[in-house]
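Here is what each chain is made of, one letter per residue.
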Amino acid sequence: MPFLSDTLSRIKPSATIAVTNMAAEMKAAGKDVIGLGAGEPDFDTPQHIKDAAKAAIDGGKTKYTAVDGIPELKKAICAKFARENGLTYAPNQVSVGTGGKQILYNALVCTLNPGDEVIIPAPYWVSYPDMVLLAGGTPVTVPCGIESHFKLTPEKLDAAITPNTKWLIFNSPSNPTGAGYTRTELKALTDVLMKHPHVWIMSDDMYEHLVFDDFEFVTPAQVEPGLYDRTLTCNGVSKAYAMTGWRIGYAAGPVALIKAMATIQSQSTSNPNTIAQWAAVEALNGPQDFLVEFRAAFQRRRNLVVEMLNAAPGITCPKPEGAFYVYPDISGCLGKTSGGGTAITDDESFAKALLEETGVAVVFGSAFGISPNFRVSYATSDAALTEACTRIQTFCRSLT
Ligand code: PLP
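This is a predicted model, so every value here is computed, not measured.

### Things to note about the pairing of strand S3 (residues 117-122)
Then step 1. Most of S3 is tucked away, with 6 of its 6 residues classed as buried.
Then step 2. Alignment of S3 against strand S4 (residues 138-143), held across 6 bridges, turns out to be parallel. Directly across from Ile120, in S4, lies its bridge partner Thr141.
Then step 3. A crossover connection joins S3 to the parallel S4 through helix H6 (residues 127-134); in handedness this β-α-β unit is right-handed.
Then step 4. Pairing analysis gives 3 bridges linking S3 to strand S5 (residues 165-171), with the strands arranged parallel. Within the sheet, the bridge partner assigned to Val118 lies in S5 and is Trp167.

This is how it looks when you write it as structure tokens:
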């Protein structure tokens, strides 16, 4: 009898974590590596948030809490949804977990039965399909290429819905493309969902605060109040507040779903870290002015990277609305050979040769479901980005 489960054989380790680890290993071995793989801001957590965590420790707030979050944090989350999204939720409609990842996972585990389908527009965040598989459902990926700016269209959504569809996972701004849906684009999608009352919407708003050029962030339940009763609005403090390591994510939705998510959490991890919950209270209730600075830095870096990558022969890099990623197309590089002698047959061979020959670590597009592309995370210094993009330009010029 095999020791490992069939469930495990259906999934694969995260490609983004693999690239980050590989770059770290090469660096540790003394190689000159620039890692553009990691999905986290390079900024430090703001001081007032750290201070709140220290105060929690000193105040003895170090014990178990309610499974899905302390009342103070739930209250802060309700206030955030009202203030920033025009959404009214009561504390019993809110769930707090160990990162956005656990929140999404809990929701899938407590709703999916074998045969249930989950629509995932591609390119997608690497974890969505594998989480659906782990939860026993069937991921239905819908390719959304560069021609539609990597966005799902109403026609494609309508065509993907079957009687077995349980969820649409919606992510704007997107990891890995940075694409953000305008109110008009999102309304066109919610109009389709209004015609299919059996489909629920899991909106992953993790990059809400990282939008540029006056782009207006909107979320499905806000754009179409008729979807409120079948929407789980997910968010977290990881990206906007530079708190990836603190592990706090949250969601709001119908009471029955929130209760079911708490049941899963009660038998797996229990409450998210108590100290981190108090830090998240401060993140949401405290001053938000540093977000302006974060956004300005990311916008400057996005412009730098888009311009430099478009100057590399064979690369086309769309300019996204948000997050801290770009997702350039490398069709013009395929069929060529690198200076080091590697045949560039797909985005994986491109990324591998780029890392080996120039020390620049990016994640190949096939990990995100649309090829031939690669993902650049530009959450690093302007100097490192300039150097990395110069190396990418040189690499592309060397292709013959
Ligand atoms: N959703 C998206 C789109 C992400 O990119 C990430 C992190 O990379 C998450 C959710 C998970 O965030 P957390 O670190 O809070 O688990």
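On we go.
### Here's the deal with a nonpolar patch on the surface
Then step 1. A contiguous nonpolar patch, built from Phe3, Leu4 and Leu8 and spanning about 390 Å² of accessible area, is present on the exposed surface.
Then step 2. Assignment of secondary structure puts Leu4 in the segment before helix H1 (6-10).
Then step 3. Judged by relative accessible area, Leu4 falls into the exposed class, the value being 57%.

### Side note on the domain arrangement of the chain
Then step 1. As assigned here, the chain comprises domain 1 (6-44 + 290-395) and domain 2 (63-285).
Then step 2. Centre-to-centre, using C-alpha coordinates, domain 1 lies 26 Å away from domain 2.
Then step 3. Each partner contributes residues to the interface: domain 1 has 37 residues there, and domain 2 has 35 residues.
Then step 4. Taking both partners together, domain 1 and domain 2 bury about 3,000 Å²; carbon and sulfur atoms supply 64% of that area.
Then step 5. The interface formed by domain 1 and domain 2 holds 3 salt bridges in total.
Then step 6. The partner of Asp130 in a salt bridge is Lys12, and the shortest N-O contact between them spans 3.1 Å.
Then step 7. For the pair domain 1 and domain 2, the interface holds 15 residue pairs in polar contact (both at pLDDT 80 or more).
Then step 8. Looking at the side of domain 1 that touches domain 2, the elements that each hand over two or more residues are H1, helix H2 (15-28), helix H12 (290-310) and strand S9 (325-326).
Then step 9. Per-element tally for the side of domain 1 that touches domain 2: the top contributor is H12, with 7 residues.
Then step 10. Of the residues assigned to the side of domain 1 that touches domain 2, the class counts are 19 nonpolar, 9 polar and 9 charged.

### Things to note about the packing of helix H3 (residues 47-58) against helix H11 (residues 274-285)
Then step 1. Direction vectors running N to C along H3 and H11 enclose 140°, while the axes themselves pass 8 Å from each other. Of the possible angle classes, the one that applies to H3 and H11 is oblique. Considering how the two elements wind past one another, H3 and H11 form a crossing that is right-handed. For the pair H3 and H11, contact is made by His48, Ile49, Ala52, Ala53, Ala56 and Ile57 and by Ile275, Trp278, Ala279, Glu282 and Ala283, respectively.

### Digging into the site of the ligand
Then step 1. Taken together, 13 residues form the shell around the ligand, and within it Gly100, Asp204, Tyr207, Ser238 and Lys239 come nearest.
Then step 2. At 2.8 Å, a side-chain N or O of Asn175 approaches an oxygen atom of the ligand.
Then step 3. In the environment of the ligand, an oxygen atom lies 2.8 Å from a nitrogen or oxygen atom belonging to the side chain of Arg247.
Then step 4. Contact with the protein chains removes 93% of the 390 Å² of surface that the ligand exposes when unbound.
Then step 5. Broken down by element, the shell around the ligand gets its largest block of residues, 3 residues, from helix H5 (residues 99-109).
Then step 6. Taken together, the residues of the shell around the ligand break down into 4 nonpolar, 5 polar and 4 charged.

### Quick word on the nonpolar core
Then step 1. In this structure, Leu108, Leu232, Val305, Leu309, Ile315 and Phe350 are the most contacted members of the largest nonpolar core, which totals 78 residues.
Then step 2. Top element by residues in this core is helix H14 (residues 382-397). It accounts for 7 residues.
Then step 3. Viewed by domain, this core spans two of them, domain 1 (6-44 + 290-395) and domain 2 (63-285), each represented by three or more residues.
Then step 4. If we skip the residues at most four places from it in the chain, Leu232 touches Ala107, Trp167, Ile201, Met202, Ser203, Ala251, Ala252, Gly253, Leu257, Ile258 and Met261.
Then step 5. Residues Cys78, Phe81, Ala221 and Phe294 belong to the second largest nonpolar core, which totals 32 residues.

### As for the environment of Ser349
Then step 1. Its location among the elements puts Ser349 in helix H13 (residues 347-358).
Then step 2. Between the alpha carbons of Ser349 and Asn92 there is a distance of 49 Å; along the sequence they are 257 residues apart.
Then step 3. What Ser349 contacts, discounting residues up to four positions off in sequence, is Thr342, Ala343 and Ile344.
Then step 4. Among the polar contacts made by the side chain of Ser349, one reaches the main-chain amide nitrogen of Thr345 at a distance of 3.0 Å.

Calculation notes
Residues numbered from 1 in each chain as written. Predicted model: local features only at pLDDT ≥ 70, side-chain atom pairs only at ≥ 80, totals over all residues. Heavy atoms only, no water. Buried < 20%, exposed > 50% of the residue type's maximum accessible area, 1.4 Å probe, protein only. Helix = DSSP H or I, 4+ residues; strand = E, 2+ residues; numbered from the N terminus. Pairing = 2+ DSSP bridges. Right-handed = clockwise from strand over helix to strand, strands pointing away. Patch = residues over 30% accessible without salt bridge, like charges linked within 9 Å, V, L, I, M, F, W, Y side chains within 5 Å. Areas by Shrake-Rupley, 256 points an atom, 1.4 Å probe, with all protein chains shown as cover. Salt bridge = Lys/Arg side-chain N within 4 Å of Asp/Glu carboxyl O. Domains from an automatic or database assignment. Contact = heavy atoms within 4.5 Å. Buried area = accessible area lost by both parts, 1.4 Å probe. Polar contact = N/O pair within 3.5 Å; in protein donor to acceptor, adjacent residues only side chain to side chain. Nonpolar A, V, L, I, M, F, W, Y, C, P; charged D, E, K, R; others polar. Axes fitted to C-alpha atoms, helices over the stretch in contact; angles between N-to-C directions. Parallel < 35°, antiparallel > 145°, perpendicular 65-115°, else oblique. Left-handed = near helix turned anticlockwise from the far one by under 90°. Near = heavy atom within 4 Å. Core = buried A, V, L, I, M, F, W, Y, C linked by side-chain atoms within 4.5 Å.

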